[in-house]
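Reading the structure
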Amino acid sequence: MNIPSNLKYTKDHEWVSLEGDVATVGITDFAQRELGDIVYVEVETLDQTLAQDEVFGTVEAVKTVSDLFLPMSGEIIEFNEELETTPETVNTDPYGKGWMVKVKISDASQWDGLLDAAAYKTLIGA
C-alpha cells in the first residue's frame, strides 16, 4: 500500500499536501481500495469557505457513497474537473492525477495536527 511520507493524513482517510497557503486534498490509497471502483466524485463547495472536518463533497463507488471531509479550514478554490469524466483516476492514481480539491487555507497551524505517514500507517494497521 502506498503511503507517501511527504503528505499528511486524516483519520477519515484524506491526504493533504501543502504549498504555501494552498492545500491539495484527495483520498488515500487505503480509502480508494476500501471503496472499490469509484464511479462519481461530487464537489459542490467550490468558492465556499469551510471549517476543518466539514464535508466538502462525496465520492461514489459501485457499493457505497462516502463523505469527503476537509482536512484544513479554508476556501475551496479549485476542483479537479478531470474527475467529472474519469472518476476512476482516483483508483489508479490517488496521490497524483486523482487529487480532488485545492484549498486556500485559513489556519496553517492545523497542518501540525494532521497525521504523518507513520501515524496513518498505525491507524490503518499497515
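One structure accompanies this document, and this report is about it.

Criteria and thresholds
Residues numbered from 1 in each chain as written. Predicted model: local features only at pLDDT ≥ 70, side-chain atom pairs only at ≥ 80, totals over all residues. Heavy atoms only, no water. Pairing = 2+ DSSP bridges. Helix = DSSP H or I, 4+ residues; strand = E, 2+ residues; numbered from the N terminus. Axes fitted to C-alpha atoms, helices over the stretch in contact; angles between N-to-C directions. Salt bridge = Lys/Arg side-chain N within 4 Å of Asp/Glu carboxyl O. Buried < 20%, exposed > 50% of the residue type's maximum accessible area, 1.4 Å probe, protein only.

Things to note about the sheet that holds strand β7 (residues 65-69)
One open sheet holds the three strands; their spatial order is β4-β6-β7, and the pairing between them is antiparallel. Pairing within the sheet leaves two strands with one partner each, and these edge strands are β4 (38-42) and β7. Each adjacent strand pair in this sheet contributes to an overall mean axis angle of 25°, direction not counted. Direction of pairing for strand β6 (residues 55-61) relative to β7: antiparallel, over a ladder of five bridges. Opposite V59, over in β7, you have S66 as the bridge partner.

Focus: the pattern of salt bridges
All told, the structure shown has three salt bridges when counted by the stated rule. Between K104 and D21 there is a salt bridge whose closest N-O contact spans 2.4 Å. Of this pair, K104 sits in strand β9 (residues 101-105) while D21 sits in the loop between β2 (14-19) and β3 (22-27), placing them 83 residues apart in sequence. D21 sits in the partly exposed class, given a relative accessible area of 34%. Residue R33 pairs with D29 through a salt bridge whose shortest N-O separation is 3.2 Å. Highlighted residues: R33 and D29, both in helix α1 (residues 29-35), separated by four residues, approximately one helical turn. On the basis of relative accessible area, D29 is assigned to the buried category, the value being 7%.

Observations concerning unusual backbone geometry
Of note in this structure, D47 is not a glycine but carries a positive phi near 70°. Its place among the elements puts D47 in the loop between β4 and β5 (49-50). Accessibility expressed as a relative area gives 56% for D47, which makes it exposed. Of note in this structure, D53 is not a glycine but carries a positive phi near 75°.

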